Amino acid sequence: MIERARFAPSPTGPLHIGGVRTALFNYLIAKKSGGKFILRIEDTDSKRTVAGAEDHIKDSLKWLGLNIDEGPIKQSERKVLYKKQVEKLLRRGLAYYAFDTSAELERARKESNGEFKYNHETRRKMINSFTVSEEEARSRIKRNGYVIRMVVPEKETILVNDEIRGSLSFNSREIEDKVIMKSDGMPTYHFANVVDDHDMKITSVVRGEEWLSSLPSHVTLYNYFGWSPPKFYHLPLILKSTGQGKLSKRDAEEQGHPIFAVQWEESKGFKESGYTPEGILNYLALLGWKGKGDDEKYSLNDLVKKFDSKDINKSGARFDIKKAVWINHLHLRDFSSKKILSLCGQANTLLEKNYSSDVCEEIIDLIKERLNTLFDVEKEVLVFVGQPKNYDKEVIEKITRNTIYNVLNFCKLNEELISEPTLLKESLMSFGSEKQISFGNIMKTLRLCMVGSLSGPDLFKIIDIIGPEETLHRIDSLINKI
Ligand code: GLU
């Protein structure tokens, strides 16, 4: 079946990583079938709409490469459609006007110790088109003091099916006569959602688990209209890394990682923190889904091929930033050096000042294995563009100053070998056995001298790239400092 899946965020705030995961699963379900990925902006609640949120949603999808095939379709521009549909329900007695003020609703809530539900029982005691005269109803409607509620049947079992959780049954007593339209003519989420999914010929509704409890109301509306419902997928929650509950912005801040794909106000996104869209999408796919084999690295195309909605989990997925970093690393490691250079302007400029483009690429090839985020590029290329700023004191103590001096002095005396790293290595080995200096300490000395610590890429490749003059310069510097 060729699927039409929609991502339907409300622009009530920035798009966080949970929303991105929903977008991704919609995308995968659509694309797997050769279908369409559609963006619908659910902006019917103008009071909660946040300026810039819609752009943030679009910018996030764009950076991630989740290209939309249709849309954005904005619900605020479709009032006529909702009005037409709500009138059908009103005519058939499946929806009604309710006139209760907020104070009246509040009183009802208090009287029932917070248990109040607007339903077949209570609606008889409230102020609505069932309880007031036709004339009074007309005049209240004219004054705009109303909402429209859907009728929920009194005693019925509502059966719904979720592709992840199977079939579920709800007792209609548990369900409220939800408000479906407000007096400004704007539908609520529940109504607009159902009308649009039908109108837009949506075949798969993929959304967060928190919407599962609304499903019986939605299914009731489908039944009232005589429309066949789409397939529903309620995705498992994304849990915070430790403890109970959903991952929130606060948890992310506490753990020191982003929560948005791209920057929102002061909060840097994964983009601005050096992550790649490939890594983020791959990691998010694993939050709630697992492929058949042991593979963990997937490109978006691989995901489209391998994704099977049957493998989506029911249980919550714990967010683990270390794993996200690891997956990002797997992607960076496989990027071409050209691509990495194009993604990190600063490091690229540094390298270009010193080396030809071929050598720049060679350097990136050497450090790729060491990259977790794009920020690491700048750190890793420093060794190729300047002397170490500091030397690790602990390492100096361990090797001993005397040994360091002897090794460096030997190199200085044999400076013609520096341009021949293999020969240099061999003669250092014989020098070591003659002077009883372990080869380990010789290598550590040279690394300390070139890098300032014991980390960094292949030592002899560093020497080869920075060249004999710079190598000697670094040897002199360390000799002078110990
Ligand atoms: N507007 C809802 C949200 O913000 C969409 C839920 C759905 O996909 O039906 O999550």
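In what follows, the accompanying structure is described. Just so it is clear, the model here is predicted, and its values are computed rather than measured. (Residues numbered from 1 in each chain as written. Predicted model: local features only at pLDDT ≥ 70, side-chain atom pairs only at ≥ 80, totals over all residues. Heavy atoms only, no water.)

**Here's the deal with the sheet that holds strand β5 (residues 147–150)**
Here we have three strands laid out as an open sheet, ordered β4-β5-β8, and antiparallel in their pairing. In this open sheet, the two strands that pair with only one neighbour each are β4 (95–98) and β8 (179–182). Looking at each pair of strands side by side, their axes are set apart by 30° on average, direction ignored. Both β4 and β5 contribute to a ladder of four bridges, which runs antiparallel. Counterpart to Ala 98 in the pairing with β5 is Val 147. Each of β4, β5 and β8 is contacted by helix α3 (residues 79–91), which is oriented at about 125° to β8, the strand it contacts most. (Pairing = 2+ DSSP bridges. Helix = DSSP H or I, 4+ residues; strand = E, 2+ residues; numbered from the N terminus. Axes fitted to C-alpha atoms, helices over the stretch in contact; angles between N-to-C directions. Contact = heavy atoms within 4.5 Å.)

**Examining the packing of helix α18 (residues 421–435) against helix α20 (residues 459–481)**
Between α18 and α20, the least distance of the axes is 10 Å, while the angle of their chain directions is 130°. Taken together, the axis directions place α18 and α20 in an arrangement best described as oblique. For the crossing formed where α18 meets α20, the hand is right-handed. Counting all contacts with α18, which are made through Pro 421, Leu 424 and Lys 425, the residues of α20 involved are Phe 460, Ile 463 and Asp 464. In terms of residue class, the contact of α18 with α20 is made up of four nonpolar, no polar and two charged. (Parallel < 35°, antiparallel > 145°, perpendicular 65-115°, else oblique. Left-handed = near helix turned anticlockwise from the far one by under 90°. Nonpolar A, V, L, I, M, F, W, Y, C, P; charged D, E, K, R; others polar.)

**Some remarks on the site of the ligand**
Taken together, Arg 6, Ala 8, Pro 9, Ser 10, Glu 42, Tyr 189, Asn 193, Arg 207 and Trp 211 make up the full set of residues near the ligand. Between Ala 8 and the ligand, the recorded distance is 2.8 Å, taken from a backbone N or O atom to a nitrogen atom. A distance of 2.8 Å separates an oxygen atom of the ligand from a polar atom in the side chain of Tyr 189. Taking 300 Å² as the accessible area of the ligand by itself, protein coverage stands at 84%. A class-by-class count of the residues in the shell around the ligand yields four nonpolar, two polar and three charged. (Near = heavy atom within 4 Å. Polar contact = N/O pair within 3.5 Å; in protein donor to acceptor, adjacent residues only side chain to side chain. Areas by Shrake-Rupley, 256 points an atom, 1.4 Å probe, with all protein chains shown as cover.)

**With respect to the packing of aromatic side chains**
Here a ring pair, both rings aromatic, is described through the centre-centre distance and the interplanar angle of the planes. All chains considered together, the criterion is met by 17 aromatic pairs. Between Tyr 96 and Phe 130, the aromatic rings sit 4.8 Å apart at their centres with planes inclined by 50°, giving tilted as the arrangement. Of this pair, Tyr 96 sits in strand β4 while Phe 130 sits in the loop between α4 (102–111) and α5 (134–142), placing them 34 residues apart in sequence. For Tyr 96, a relative accessible area of 2% gives the class buried. According to the relative accessible area criterion, Phe 130 is partly exposed, its value standing at 47%. Each member of the aromatic cluster is reached from another via a ring pair, and the members are Phe 191, Tyr 222, Phe 225, Trp 227 and Phe 232. In this structure, Arg 149 packs its charged tip against the face of Tyr 118, placed 3.8 Å from the ring centre. (Phe/Tyr/Trp six-rings, centres within 6.5 Å; stacked < 30°, edge-to-face > 60°. Buried < 20%, exposed > 50% of the residue type's maximum accessible area, 1.4 Å probe, protein only. Lys NZ or Arg CZ within 6 Å of the ring centre and 35° of its normal.)

**Topic: a positive patch on the surface**
A cluster of basic residues, Lys 84, Lys 88, Arg 91 and Arg 92, forms a positive patch on the protein surface. Summarising the element assignment, Lys 88 is placed in helix α3. Residue classification places Lys 88 among the partly exposed residues on the basis of a relative accessible area of 32%. (Patch = residues over 30% accessible without salt bridge, like charges linked within 9 Å, V, L, I, M, F, W, Y side chains within 5 Å. Salt bridge = Lys/Arg side-chain N within 4 Å of Asp/Glu carboxyl O. Lys, Arg positive; Asp, Glu negative; His and termini not counted. Charge placed at Lys NZ, Arg CZ, Asp CG, Glu CD.)

**Digging into the nonpolar core**
Generally speaking, nonpolar side chains in soluble globular proteins are found buried as a group. Counting 55 residues, the largest nonpolar core has Leu 24, Leu 66, Trp 289 and Phe 319 as its most contacted members. Those elements that provide at least two residues to this core are β1 (4–7), α1 (17–32), β2 (36–41), α2 (53–64), β10 (231–235), α9 (277–285), α10 (300–306) and α11 (321–334). With nine residues, the top contributor of residues to this core is α1. Residue contacts for Phe 319: discarding those within four places in its chain leaves Ile 17, Ile 238, Leu 239, Ser 241, Leu 247, His 257, Phe 270, Tyr 283 and Leu 287. With 50 residues, the next largest nonpolar core counts Ala 347, Val 395, Leu 424 and Ile 465 among its residues. (Core = buried A, V, L, I, M, F, W, Y, C linked by side-chain atoms within 4.5 Å.)

**A closer look at the side chain of Ser 427**
Within the element layout of this structure, Ser 427 appears in helix α18. A polar contact of 3.2 Å, which involves the side chain of Ser 427, links it to the backbone oxygen of Leu 424. Contact partners of Ser 427, with chain neighbours within four places excluded, come to Phe 410 and Leu 417.

**Some words on the pairing of β1**
Taken together, the four bridges between β1 and β2 define a ladder with parallel strand orientation. Following the sheet pairing, Arg 4 is matched in β2 by Lys 36. Traced from β1 through α1 to β2, the parallel crossover comes out right-handed. (Right-handed = clockwise from strand over helix to strand, strands pointing away.)

Just distances and angles here, no functional claims.
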